[in-house]
Amino acid sequence: MTDAFDPPSRKLSRRALLAGAAGAAGAATAGEAASAGNPKNLPPNVPSWTRTLGDGVAVRPYGQPSKFEKHVIRRDVQWLTASRESSVSFTPLHELDGIITPSGLCFERHHGGIAEIDPDDYRLMLHGLVDKPLMFTLDDLKRFPRVNRIYFLECAANSGMEWRGAQLNGCQYTHGMVHCVEYTGVPLKLLLAEAGLKTSAKWILAEGADSASMARSIPLAKALGDCLVAYRMNGEMLRPEQGYPARLVVPGWEGNVWVKWLRRIKVGDQPWHAREETSKYTDLMPDGSARKFTFVMDAKSVITSPSPQLTLGHKGVTVISGLAWSGRGKVKRVDVSLDGGRNWRAAKIDGVALDRACVRFYAETDWNGQEMLLQSRAIDDTGYVQPSKAELRKVRGVNSIYHNNGIQTWRVAPNGEVENVEVS
Amino acid sequence: MSKCRSGVVAVGLFAALMIMQAAAQTKQPAPAGKKKTYAIGRIAEPREIAGWDIDVRPDGQGLPDGQGSVKAGEQVYLARCAACHGEFGESAGRWPQVAGGTGSLASDDPIKTVGSYFPYLSSVFDYVRHAMPFGDAQSLSNDELYAVVAYVLFLNDVVDDKFVLSKQTFGQVKMPNAGGFHGDDRETAERAFWNRRPCMTNCKAEVKIIGHARVIDVTPEEDKVLRRGVE
């Protein structure tokens, strides 16, 4: 509802540098600095957890992360929006590895807060240009043949605060509006076939049950293609923040069309031009005109470690790690540069590289305290090469808010601190 | 007794399934033809659909009965909208500005409002109908809805102070930025991003840092979370 991504220059507040930066940096060069520990628990002593019994089974009926991982949380940027009900929180990408995002850490973007829906009160209405308007319960949806698919979901506004230059210090904030999970759901085409489409059908409207009635128009070809009505993520039922009990999955397309708390699908012969696909989620170009229905998320990547929230704690062998994704297909290659884009080398993609899912990449280097300007660049199987920010701005200017997939630069200082910078 | 009842239910369900299957068989259109169906779900009743089917398209399809004048809209707006959007649509705090911004879209500070940016009247009407006032969605009567939208149009100099918005006058409103949008042209306008042989060595003569996030420093602060070493 609010424009979450107004140019932050209006809200500048000069602050001291992040607390503790200098201290950590000073320690960074010493071998074991980051893990001093309590001598009582270190060899040759025998720690308390070895001498005494711990919690038994079912003491923790739904397991939580270790109490020592309390810093691994979603965070928001309060100056961005007028209220938390219409706002965004960011995935802590710098604390994660592999390609699957833990369900509780998936970024949130709500337009009217989280709808808390009793599954017994859930209905999905399917109507419009169909032979039979249908009503499904959640149990109905679960009876259909189902599929499991791993996809990334990126908010169109991810990196939207960076169009005018480096703003936020941390990949959680610059790139944290992306997550990648496994969905279980019914192919939308099965539901549409169940209702029977009229020959004039061309578009669908997908509408959420939240207080914003979040609604987007989607071309029928996509709806009949790979879209799912998903009710599970990572095996368990969707989290309320992610649309419990059912959401739309629209692979490769901007997150806004993945309507959460999906309550209604209407079939029509033209798009609705709802507020979220006109006044928002359209891309303002330098001449004042705007692109609309820019659904596909272009190939993109970011180095998650090291990054500003995760300083380099040692010298010697260092594994640079990051995430890449493309809404057009598979990520074929990721290149990494240590010198701000002068020279590149191919990173290693580890694990599975799935169609329109995140891939994990690694590049090893021997760091001896020299300044590094770290960049990554994704290349997908359509031949699309992630552009530099300068290349992107040349076409799109700096006002478009959405679809910023320019190459990110992190400066690693000799003391191990990492900063979000822009390079020529 | 309970057996008897479940038997009735079972027969009822069976009959319903038969009816639905029959309907599916007789009513599936020819082109969709051979597609398998599962006879899952039930027919959505018109009265059920009516309660949720309140979207409005640019051509006016979906507009409810009712009407509202600019004058009546001023009262609604001041009572229900101005606290967030400002008395003149200028915004109070961080809430969206709904009026003004004309001619700003190509500037360094584009202001997207109903008058300066929205391409269709339906885009604002449909949104207010569904989602406004924020936190009290779908609480306006149809007359209040027409009136408050008329008033927002007036705040944007799109209509005069005598204007009355209704199903009949809806199509007369000319939105200033109606021609301001075009489709996704990335595959042509950004063709250069494809099929390049990306440079691997000596790609730039020099690299200079031209911007620092720290100079701007708008990152939320937290004492504990940061500064952990890379494993």
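Note that the coordinates shown come from a computational prediction; the quantities given were computed from them, not determined experimentally.

Caption draft 1: Broad picture of the overall build of chain A. Helix and strand counts for chain A come out as 7 helices and 24 strands. In terms of overall size, chain A behaves like a compact globule, its C-alpha atoms giving a radius of gyration of 23 Å where 424 residues would be expected to give roughly 22 Å. With respect to the three principal axes, the spread of C-alpha positions in chain A is 75 × 65 × 40 Å.

Caption draft 2: Inspection of the overall build of chain B at higher detail. Broken down by element type, chain B carries 8 helices and 5 strands. Ordered by position from N to C terminus, the α and β elements of chain B give α-β-α-β-α-α-α-α-β-β-α-β-α. Taken across its 231 residues, chain B has 34% of its residues classed as buried. In chain B, of all internal contacts separated by at least 6 residues, the share reaching a separation of at least 24 is 55%.

Caption draft 3: Spotlight on the interface of chain B and chain A. Taken together, the 83 residues of chain B in the interface contact 106 residues of chain A. Going through the elements one at a time, α1 (2-27), β1 (42-43), α2 (46-52), α5 (121-131), β4 (181-182), α7 (186-189), β5 (209-212) and α8 (213-216) of chain B are the ones with two or more residues in the side of chain B that touches chain A. Ranked by the residues each element gives to the side of chain B that touches chain A, the list is headed by α5 of chain B, at 7 residues. For strand β24 (residues 418-423) of chain A and β5 of chain B, the ladder comprises 3 bridges, and the chain directions are antiparallel. Residue pairing in the sheet places V423 of chain A in a bridge with I209 of chain B of β5 of chain B.

Caption draft 4: Representation of the nonpolar core in the model. The biggest cluster of nonpolar side chains holds 158 residues, and the ones touching the most others in it are V229 of chain A together with V148, V149, A150 and V152 of chain B. Looking at which element gives the most residues to this core, the answer is helix α6 (residues 142-155) of chain B, with 11 residues. Once residues lying within four places of it in the same chain are set aside, the contact partners of A150 of chain B are G68, S69, V70, G73, V159, F163, V164 and L165 of chain B.

Caption draft 5: Broad picture of the domain arrangement of chain A. All names here are of chain A. Looking at chain A, the domain boundaries give domain 1 (110-291) and domain 2 (300-421). One C-alpha centre belongs to domain 1, the other to domain 2, and the line joining them spans 28 Å. Opposite the 29 residues of domain 1 that make contact, domain 2 presents 25 residues. When residues of the side of domain 1 that touches domain 2 are traced back to their parent elements, those giving at least two are β6 (147-154), α4 (171-175), β7 (178-187) and β14 (283-284).

Caption draft 6: The packing of α5 of chain B against α6 of chain B, seen in detail. All names here are of chain B. Packing of α5 against α6 leaves a shortest axis separation of 10 Å and a crossing angle of 135 degrees. When the interaxial angle is binned, α5 and α6 end up oblique. You can see that α5 and α6 cross each other, and the crossing is right-handed. Where α5 approaches α6, its residues V124, F125, V128 and R129 are matched on the opposing element by L145, V148, V149 and V152. A breakdown of the residues in the contact of α5 with α6 according to their chemical character gives 7 nonpolar, no polar and 1 charged.

Caption draft 7: Spatial organisation of unusual backbone geometry. Residue and element names in this part refer to chain A. Of the consecutive residues P43 and P44, the connecting peptide bond is found in the cis state with omega at 10 degrees. Position of P44 relative to the elements: it lies in the loop between α1 (21-27) and α2 (48-51). The residue after Y244, namely P245, is reached through a cis peptide bond having omega 5 degrees. In this structure, P245 sits in the loop between β11 (236-237) and β12 (247-249). Positive phi, close to 70 degrees, is recorded for S159, a residue that is not glycine. In the Ramachandran plot, N234 falls in the positive-phi region, its phi being about 50 degrees despite a non-glycine side chain.

Caption draft 8: A look at helix α7 (residues 389-396) of chain A. Residues and elements named next belong to chain A. Of the residues making up α7, those classed as buried are K389, L392 and R396. Down the axis of α7, the buried side of the element spans an arc of 65 degrees, and every buried residue falls inside it. The secondary structure elements touched by the buried residues of α7 are β14 and β24. Trailing α7 by a residue or two, G397 shows a phi angle of about 70 degrees, which is positive.

Caption draft 9: A look at the sheet that holds strand β17 (residues 316-325) of chain A. Residues and elements named next belong to chain A. One open sheet holds the 4 strands; their spatial order is β16-β17-β21-β20, and the pairing between them is antiparallel. Unpaired on one side and paired on the other, β16 (300-305) and β20 (348-350) mark the two borders of the sheet. The sheet shows a mean angle of 35 degrees between the axes of neighbouring strands, direction not considered. Pairing geometry for β17 and strand β21 (residues 359-367), over 9 bridges, is antiparallel.

Caption draft 10: Spotlight on the pairing of strand β8 (residues 203-208) of chain A. Residue and element names in this part refer to chain A. Counting buried positions over the 6 residues of β8 gives 6, a clear majority of the element. Residue alternation in β8 divides its side chains into two sets, W203, L205 and E207 and I204, A206 and G208, and both sets are buried. Pairing of β8 with strand β9 (residues 215-219), which is carried by 5 bridges, proceeds in the antiparallel orientation. Opposite I204, over in β9, you have I218 as the bridge partner. Counted along the chain from β8 to the antiparallel partner β9, the turn is 6 residues long, and its residue S213 has a positive phi close to 45 degrees. Pairing analysis gives 6 bridges linking β8 to strand β13 (residues 262-268), with the strands arranged antiparallel. Directly across from E207, in β13, lies its bridge partner R264.

Caption draft 11: Focus on α5 of chain B. Residue and element names in this part refer to chain B. Of all 11 residues making up α5, 11 are buried, and the element is well covered by its neighbours. Burial in α5 covers these residues: L121, S122, S123, V124, F125, D126, Y127, V128, R129, H130 and A131. In this structure, the buried residues of α5 make contact with α6.

Caption draft 12: Structural detail: the packing of helix α3 (residues 70-80) of chain B against α6 of chain B. Residues and elements named next belong to chain B. Where α3 meets α6, the axes come as close as 7 Å, and the angle between the chain directions of the two elements is 95 degrees. In terms of orientation, α3 and α6 fall into the roughly perpendicular class. Listed contacts from α6 to V70, A72, G73, E74, V76 and Y77 of α3 are E144, A147, V148, A150, Y151 and F154. Among the residues making up the contact of α3 with α6, the classes are represented as 9 nonpolar, 1 polar and 2 charged.

Caption draft 13: Quick peek at the pairing of β21 of chain A. In the sheet, β20 of chain A pairs with β21 of chain A via 3 bridges, with the strands oriented antiparallel. The residue bridging K348 of chain A from the neighbouring strand is Y362 of chain A, located in β21 of chain A.

Caption draft 14: The arrangement of the environment of D226 of chain A in detail. Mapped onto the fold, D226 of chain A is located in the loop between α6 (220-223) and β10 (228-233). As a C-alpha pair, D226 of chain A and L188 of chain A span 38 residues in sequence and 7.8 Å in three-dimensional space.

Criteria and thresholds
Residues numbered from 1 in each chain as written. Chains lettered and ligands numbered in written order. Predicted model: local features only at pLDDT ≥ 70, side-chain atom pairs only at ≥ 80, totals over all residues. Helix = DSSP H or I, 4+ residues; strand = E, 2+ residues; numbered from the N terminus. Rg over C-alpha atoms; globule rule 2.2 N^0.38 Å. Buried ≥ 20, exposed ≤ 12 C-beta atoms within 10 Å, placed from the backbone. Contact = placed C-beta atoms within 7 Å. Pairing = 2+ DSSP bridges. Core = buried A, V, L, I, M, F, W, Y, C linked by C-beta atoms within 7 Å. Domains from an automatic or database assignment. Axes fitted to C-alpha atoms, helices over the stretch in contact; angles between N-to-C directions. Parallel < 35°, antiparallel > 145°, perpendicular 65-115°, else oblique. Left-handed = near helix turned anticlockwise from the far one by under 90°. Nonpolar A, V, L, I, M, F, W, Y, C, P; charged D, E, K, R; others polar. Arc of directions from axis to C-beta.

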